[in-house]
Amino acid sequence: KAGVTQTPRYLIKTRGQQVTLSCSPISGHRSVSWYQQTPGQGLQFLFEYFSETQRNKGNFPGRFSGRQFSNSRSEMNVSTLELGDSALYLCASSLAAQGAGELFFGEGSRLTVL
Amino acid sequence: GQQVMQIPQYQHVQEGEDFTTYCNSSTTLSNIQWYKQRPGGHPVFLIQLVKSGEVKKQKRLTFQFGEAKKNSSLHITATQTTDVGTYFCAANFGNEKLTFGTGTRLTIIP
């Protein structure tokens, strides 16, 4: 079966712009989690959506937001981009809520902010 | 806050040597997962440990969960070049949220 699909894979933005990233989970998976990965900070949890509801949220500013659609596809948005937002953004889907079982990660969206 | 410490941050070993990475928490965990991320790739699930004192093996990999469910380790016997990557633990503190360790980057010297 198809894995987790993230688009776009690479993108370059400038400070102050906003960006929307998309994630299509594995068919049947209802949980979608988002992580920010940087060399210095490892994998930082952004938020998790389950059946269109945000279940958990990490310690990121309000500029970071997300949503999940009825088909379980999810988007995350970052507004007013800062240089420090440059990172690999990973999406992971799972059958059950986070923590209960295996996370399946996508290839990620690599964001560069100039 | 709930954090999990993972050490070492980097490990360079000669091919054929053993490798171990450790994760430690100050509070009891519900379960712990391990992931591997190859260079340029994405994290891939290896295993989940749930029971106190649990030991699981996958070929040359041995995973342990401490008796107090506060620490865990991943041991690789006789490393091979295919073992290169970053190994992450992911701790579940019972709040239905996984907290990832900072990872141990393993490099193999042929």
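Refer to the structure printed above.
Quick notes on the rules
- Residues numbered from 1 in each chain as written.
- Chains lettered and ligands numbered in written order.
- Predicted model: local features only at pLDDT ≥ 70, side-chain atom pairs only at ≥ 80, totals over all residues.
- Heavy atoms only, no water.
- Helix = DSSP H or I, 4+ residues; strand = E, 2+ residues; numbered from the N terminus.
- Buried < 20%, exposed > 50% of the residue type's maximum accessible area, 1.4 Å probe, protein only.
- Polar contact = N/O pair within 3.5 Å; in protein donor to acceptor, adjacent residues only side chain to side chain.
- Contact = heavy atoms within 4.5 Å.
- Salt bridge = Lys/Arg side-chain N within 4 Å of Asp/Glu carboxyl O.
- Pairing = 2+ DSSP bridges.
- Axes fitted to C-alpha atoms, helices over the stretch in contact; angles between N-to-C directions.
- Buried area = accessible area lost by both parts, 1.4 Å probe.
- Nonpolar A, V, L, I, M, F, W, Y, C, P; charged D, E, K, R; others polar.

Draft legend 1. The arrangement of the side chain of A:Ser94 in detail. Residues and elements named next belong to chain A. Structurally, the position occupied by Ser94 is in strand β9 (residues 87-94). On the accessibility criterion, Ser94 (2% relative accessible area) is buried. For Ser94, the side chain forms a polar contact with the main-chain oxygen of Ala96, separated by 2.7 Å. Non-local contacts of Ser94, meaning those with residues more than four positions away in its chain, are made with His29, Arg30, Ser31, Glu102 and Leu103.

Draft legend 2. Seen up close, the pattern of salt bridges. One pass over the structure, following the stated rule, counts seven salt bridges over all chains. Close ionic contact of A:Glu48 with A:Arg55 constitutes a salt bridge, the shortest N to O distance being 2.7 Å.

Draft legend 3. Just the sheet that holds strand β7 (residues 64-68) of chain A, in detail. Residues and elements named next belong to chain A. Here we have four strands laid out as an open sheet, ordered β1-β3-β8-β7, and antiparallel in their pairing. Each having just a single partner strand, β1 (5-7) and β7 make up the two edges of the open sheet. Strand-to-strand twist in this sheet, taken as the mean axis angle between neighbours without regard to direction, amounts to 15°.

Draft legend 4. A look at the interface of chain B and chain A. On the side of chain A, 19 residues touch chain B, which itself brings 15 residues to the contact. Both sides together, the interface formed by chain B and chain A hides about 1,500 Å², and carbon and sulfur atoms give 51% of it. Contact with chain A buries area across many residues of chain B, yet B:His42, B:Glu96 and B:Phe100 alone supply 33% of it, more than any other trio. Run the count over chain B and chain A and you get zero salt bridges. On the surface where chain B and chain A come into contact, there are four residue pairs in polar contact (both at pLDDT 80 or more). Only β4 (31-37), β5 (44-49), β9 (85-92) and β10 (98-100) of chain B provide two or more residues apiece to the side of chain B that touches chain A. Split into classes, the residues belonging to the side of chain B that touches chain A amount to six nonpolar, seven polar and two charged.

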